[in-house]
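For reference, the chains in residue letters:
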Amino acid sequence: MERRIFLTGASAITGGTLAGALAGAPASADPGIRRVETGLDLLVRSGFRDLHGQRVGVISNPTGVDSSYRHLVDLMHGSGQVNVVAAFGPEHGFRGSAQAGGSEGTGTDARTGITVYDAYGASQADWERMFTQSGTDTVVFDIQDVGARFYTYIWTMYTSMLAAARVGKRYVVLDRPNPIGGRAYGPMMTAGYTSGVGLKEIVQQHGMTVGELARLFNAEFLPAEAGRSVDLHVVQCRHWKRDVLAADTDLPWVMPSPNMPTTDTALVYPGTCLFEGVASITEGRGTCRPFELIGGLDTDFDYHWSDRLNARDLPGVRFREAYFSPTAAGQKPALLNKLCAGVEVKVVDRHVYDPIRTGVAMLVEARRYPAFAWRQDTWDAVRPYWIDKLTGSPRLRTMVDAGADVDDVVGAWADELAAFGRQRRPYLLY
């Protein structure tokens, strides 16, 4: 079951739930910037009418803010109109104080007094227990995604949707634009390589909003896993279109995670995050330009990498020779606080830039260096290569190792990408 909550012109789709909340689109001070309103903005404008009389549990993090940077839970708690019984913190925590792979633990939120449950890595059974223990009737999800399959918040949404379906909870998604636009790129996840960075079969850069993904999950995956769909409600954005990037809007940007500081980071992330799968190269965590600064120990890498990449004349991007010291290790303590040599990824035309093709080109050229080594996870003897979990199969790794060039690697997923485009079409809202 699904209900979409949004306005077209002055007509409400939900039988008056949000009717009259908005008139026309407010003007922007900068004519080159698009004024966009999120699902939260519309819900606040309505006086939270769609949540009256319910016991609400909120899945959110610091990105769950309105156009004035006011947090969803603070707004609900302070309004006297919504009974917020719990908050659930994903990776990095509800208030965002934890690093990659960390959480804040379960406790009481100092500002509101609401119980915050540690939901990072929670299984379906864990979610069912938390929903039952907290007395939640309606689950509200509001987190800014960045558009890549391996960014974990969409899987927090998926697993909590499964649980909500199983225990009969209502599920409301407050939609937000995809900051890197609505185009899909990259390889498909395959069943044998699913993990916490990709639980289901979608492509690497899905080009969907969380509301659209929730609709796809609800129709394509939940019936098989939960035995039924969830009672899903999506509060849509206003004035966003699929070709609009975050940098072209007036939407506030709050870091979704400690190493996602800007919309520039989000734009490169679907490609350069592949370097999480390379043991000898850091993705620049802890620098002022994570995922834009990529390199290895300066004794192993040199300026030729940037020269070779620039010679490829990739669309919308140039590469600057760069030297830096990462101050966050991720899974690579040998590179922590060490001088690294590599490149800074400089997007010069974000509307033609293809992050995944760029990431593949960077891997192909980096593979020339003798020090290059794929990251292997000793805890997974069956699927030891992290790059396989990021890309969805061993195909990219084996092709790069065999000397395949960029067009061959990218061309290998053309059919599955086209199939995903057809699969997702019924669930697009914008």
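Bear in mind that the values here come from a model prediction, so they are computed numbers and not experimental data. (Residues numbered from 1 in each chain as written. Predicted model: local features only at pLDDT ≥ 70, side-chain atom pairs only at ≥ 80, totals over all residues. Heavy atoms only, no water.)

## As for a nonpolar patch on the surface
Then comes step 1: On the surface, Tyr 303, Tyr 323 and Leu 339 cluster together into a nonpolar patch covering about 310 Å² of accessible area.
Then comes step 2: Residue classification places Tyr 323 among the partly exposed positions, given a relative accessible area of 47%. (Patch = residues over 30% accessible without salt bridge, like charges linked within 9 Å, V, L, I, M, F, W, Y side chains within 5 Å. Areas by Shrake-Rupley, 256 points an atom, 1.4 Å probe, with all protein chains shown as cover. Salt bridge = Lys/Arg side-chain N within 4 Å of Asp/Glu carboxyl O. Buried < 20%, exposed > 50% of the residue type's maximum accessible area, 1.4 Å probe, protein only.)

## Considering the pattern of salt bridges
Then comes step 1: If you walk through the whole model with that rule in mind, you get 28 salt bridges.
Then comes step 2: Arg 368 serves as the salt-bridge partner of Glu 365, at 2.5 Å between the closest nitrogen and oxygen.
Then comes step 3: The exposed category is assigned to Arg 368, whose relative accessible area is 52%.
Then comes step 4: If you follow the salt bridges from partner to partner, you end up with Asp 74, Arg 95, Asp 109 and Arg 111 in one network.

## A closer look at the layout of surface pockets
Then comes step 1: The volume enclosed by the largest pocket comes to roughly 940 Å³.
Then comes step 2: Residue lining of the largest pocket: 43 residues in total, with Glu 91, Tyr 120, Thr 152, Gly 196 and Val 197 positioned closest to the centre.
Then comes step 3: Per-element accounting of the lining of the largest pocket gives the leading share, 6 residues, to helix 4 (residues 153-167).
Then comes step 4: Among the residues forming the lining of the largest pocket, the class breakdown is 21 nonpolar, 12 polar and 10 charged.
Then comes step 5: Of the domains in this structure, domain 1 (39-251) and domain 2 (263-392) are the two that each give at least three residues to the lining of the largest pocket.
Then comes step 6: Counted as a void, the second largest pocket has a volume near 170 Å³.
Then comes step 7: As for the second largest pocket, its lining consists of 13 residues, and the residues nearest its centre are Arg 35, Glu 37, Asp 41, Arg 45 and Ser 67. (1 Å grid on protein atoms, 1.4 Å probe; cavity = no way out; pocket = protein on both sides within 12 Å on 5 of 7 lines; lining within 4 Å. Points joined across faces, edges and corners; volume = space filled by probe spheres on them. Helix = DSSP H or I, 4+ residues; strand = E, 2+ residues; numbered from the N terminus. Nonpolar A, V, L, I, M, F, W, Y, C, P; charged D, E, K, R; others polar. Domains from an automatic or database assignment.)

## Regarding the UniProt feature "domain: Peptidoglycan beta-N-acetylmuramidase NamZ C-terminal" (unreviewed entry) in the protein chain
Then comes step 1: Mapped onto the present numbering, the UniProt feature "domain: Peptidoglycan beta-N-acetylmuramidase NamZ C-terminal" (unreviewed entry) falls on residues 267-430.
Then comes step 2: Each end of residues 267-430 is marked by a C-alpha atom, and these two atoms are 20 Å apart; helix forms 34% of the span and strand 13%. (UniProt positions renumbered as here; feature names shortened; annotations may be inferred.)

## Quick notes on helix 9 (residues 355-366)
Then comes step 1: Compared with the 16 Å implied by 1.5 Å per residue over 12 residues, the 16 Å span of helix 9 between its first and last C-alpha is a close match.
Then comes step 2: With respect to burial, helix 9 is a largely interior element, 11 of its 12 residues being buried.
Then comes step 3: With a side-chain oxygen lying 3.1 Å from the backbone nitrogen of Ile 356, the N-terminal cap of helix 9 falls on Asp 354. (Expected span 1.5 Å × (residues − 1). Polar contact = N/O pair within 3.5 Å; in protein donor to acceptor, adjacent residues only side chain to side chain.)

## With respect to the packing of aromatic side chains
Then comes step 1: Applying the stated criterion to the full structure yields 18 aromatic pairs.
Then comes step 2: Ring plane angle 40 degrees and centroid distance 5.4 Å describe the contact between Trp 127 and Phe 131, whose orientation is recorded as tilted. Of this pair, Trp 127 and Phe 131 both sit in helix 3 (residues 124-134), 4 residues apart, which is roughly one turn of the helix. Across this residue pair, the class does not change: Trp 127 and Phe 131 are buried.
Then comes step 3: Centroid distance Phe 301 to Tyr 369: 4.7 Å. Interplanar angle 40 degrees. Geometry classified as tilted. (Phe/Tyr/Trp six-rings, centres within 6.5 Å; stacked < 30°, edge-to-face > 60°.)

## Details of the nonpolar core
Then comes step 1: Counting residues in hydrophobic clusters, the biggest one holds 94 residues, and the most contacted among them are Met 157, Tyr 171, Phe 217 and Trp 305.
Then comes step 2: Top element by residues in this core is helix 4. It accounts for 10 residues.
Then comes step 3: When residues of this core are sorted by domain, at least three fall in each of domain 1 (39-251) and domain 2 (263-392).
Then comes step 4: When residues no more than four places from it in sequence are discounted, the contact partners of Met 157 are Phe 141, Tyr 171, Val 173, Val 210, Leu 213, Ala 214 and Phe 217.
Then comes step 5: Of all hydrophobic cores here, the second largest spans 21 residues; its members include Val 56, Val 58, Val 84 and Leu 174. (Core = buried A, V, L, I, M, F, W, Y, C linked by side-chain atoms within 4.5 Å. Contact = heavy atoms within 4.5 Å.)

## Describing the packing of helix 4 against helix 5 (residues 210-220)
Then comes step 1: Where helix 4 contacts helix 5, the axes come no closer than 11 Å and their chain directions differ by 40 degrees. Compared by their axis directions, helix 4 and helix 5 come out oblique. Pair helix 4 / helix 5 crosses with right-handed handedness. Touching Ile 154, Trp 155, Met 157, Tyr 158 and Met 161 of helix 4 are Val 210, Leu 213, Ala 214, Phe 217 and Asn 218, all from helix 5.
Then comes step 2: Split by residue class, the contact of helix 4 with helix 5 holds 9 nonpolar, 1 polar and no charged. (Axes fitted to C-alpha atoms, helices over the stretch in contact; angles between N-to-C directions. Parallel < 35°, antiparallel > 145°, perpendicular 65-115°, else oblique. Left-handed = near helix turned anticlockwise from the far one by under 90°.)

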